[in-house]
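A look at the structure
Chain residues, written in single-letter form:
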Amino acid sequence: MQALVLGPLALCAGADRLPLGTPKQKAALALLVSRPNTVVSVDDIIAELWGERPPASALANARMYAANLRRTLAGVPDGPRLTKHGEGYALSIDPVEIDVVCFRDLVSRARESRARGSHVDAAALFDEALHLWRGRALADVPLGGALGAWCAAVEEERLRVVEDRAQAHLAAGVVDRPVTDLRGLISAEPLRERAYALLMQAQYQSGDVEGALATFDVARRTLVEQLGMEPADELRRLQRAVLN
């Protein structure tokens, strides 16, 4: 069994995808997957599905969603199980079956390789981690407060890994791919100063001094226009280093 959250939500038993039910039932499942092997109170589920003003039927509906999910999982031999604990529910699942857990494990291993100076290995592990993403986390799930915050945090992890991979490639002497990756990242997230700094390094290492200085100008203009702030010291040091 695999629980996939780095993209549309899915439970896969081999090549088969299990039916997950209505959008709110999927949101309940997503909340349980985001807190594996932990009791999630029915109040937390209701708050996630209906916010501060749940309907009178919220408790009955939440219990119905849990019962439906329990029946779905019961049909998978040796798969995860949803069990009731007082006024809450826990999804019992091997963490290695959840893609975000595998993503974090690969990232941890990549950073250990980087710390040892094995930049080629680190880049390969970062790449493997990013290949687990199939789109925006929980892309087909209606997000309430808890899942919205969880998805934002996981997305920030992904962005940092894109930057880490570029840094590992640069340390290994590879410049073409980081330039392409970082331009794409900056296009989607134009306020990431670390991405600008890495792009300047990649351009400079490739001999594109003019491009590196132009990247600094774009970064400064974007930060001033959108945040009303000048670039941090790192970017300014890089600009001076390129000029010198």
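For the structure itself, look to the data block above.
These notes cover the structure that comes with them. (Residues numbered from 1 in each chain as written. Predicted model: local features only at pLDDT ≥ 70, side-chain atom pairs only at ≥ 80, totals over all residues. Heavy atoms only, no water.)

Summing up its helical and strand segments, the protein has 10 helices and 6 strands in all. With respect to the principal axes defined by its C-alpha atoms, the protein has extents near 70 × 40 × 25 Å. Taking as baseline every contact in the protein between residues at least 6 positions apart, the subset at least 24 positions apart corresponds to 58%. By element, 52% of the accessible surface of the protein is carried by carbon and sulfur atoms, the whole surface being about 12000 Å². (Helix = DSSP H or I, 4+ residues; strand = E, 2+ residues; numbered from the N terminus. Contact = heavy atoms within 4.5 Å. Areas by Shrake-Rupley, 256 points an atom, 1.4 Å probe, with all protein chains shown as cover.)

Two elements in contact, helix α1 (residues 23-34) and helix α2 (residues 42-50), have axes whose closest approach is 10 Å; the angle formed by their N-to-C orientations is 130°. As the angle between them shows, α1 and α2 are arranged oblique. Crossing of α1 against α2: the hand is right-handed. Side by side, α1 and α2 meet where K24, A27, A28 and L31 of the first sit next to D44, I45, E48, L49 and W50 of the second. When grouped by side-chain class, the residues that make up the contact of α1 with α2 number 6 nonpolar, no polar and 3 charged. (Axes fitted to C-alpha atoms, helices over the stretch in contact; angles between N-to-C directions. Parallel < 35°, antiparallel > 145°, perpendicular 65-115°, else oblique. Left-handed = near helix turned anticlockwise from the far one by under 90°. Nonpolar A, V, L, I, M, F, W, Y, C, P; charged D, E, K, R; others polar.)

Taken as a whole and judged by the stated rule, the model has 2 aromatic pairs. Note on W50 and Y65: the rings are 6.4 Å apart at their centroids and 15° apart in plane angle, and the pair reads as stacked. With W50 in helix α2 and Y65 in helix α3 (residues 58-74), the pair connects residues that are 15 residues apart, well separated along the chain. With a centroid separation of 5.7 Å and an interplanar angle of 80°, the aromatic rings of F103 and W133 are classed as edge-to-face. In this pair, F103 is assigned in helix α4 (residues 99-115) and W133 in the loop between α5 (119-130) and α6 (145-171), connecting sequence segments 30 residues apart. You can call W133 buried: its relative accessible area is 11%. In this structure, K84 is placed above the aromatic ring of Y89, and the distance from its NZ or CZ to the ring centre is 5.9 Å. For R158, the ring lying beneath its charged end belongs to W133, and the centroid distance is 5.7 Å. (Phe/Tyr/Trp six-rings, centres within 6.5 Å; stacked < 30°, edge-to-face > 60°. Buried < 20%, exposed > 50% of the residue type's maximum accessible area, 1.4 Å probe, protein only. Lys NZ or Arg CZ within 6 Å of the ring centre and 35° of its normal.)

The next point concerns unusual backbone geometry. The phi dihedral of N37 is positive, around 55°, even though this residue is not glycine. When its relative accessible area of 42% is taken as the criterion, N37 is described as partly exposed.

As paired strands, strand β1 (residues 2-4) and strand β2 (residues 10-13) are joined by 3 bridges and run antiparallel to one another. Residue pairing across strands places L4 opposite A10, the latter belonging to β2. What sits between the antiparallel neighbours β2 and strand β3 (residues 16-17) is a turn of 2 residues, in which G14 has the positive phi angle 65°. (Pairing = 2+ DSSP bridges.)

Spatial strand order, β4-β6-β5: 3 strands in an open sheet with antiparallel pairing. Edge strands, defined here as strands with exactly one partner in the open sheet, are β4 (40-41) and β5 (81-85). Where β4 and strand β6 (residues 88-92) come together, 2 bridges link them in antiparallel fashion. Its bridge partner lying in β6, S41 is registered against G88. Together, β4, β5 and β6 form the strand contacts of α1, whose direction differs from that of β6 by roughly 65°. Packing against the sheet, α3 makes contact with β5 and β6, and its axis sits at approximately 140° to β5.

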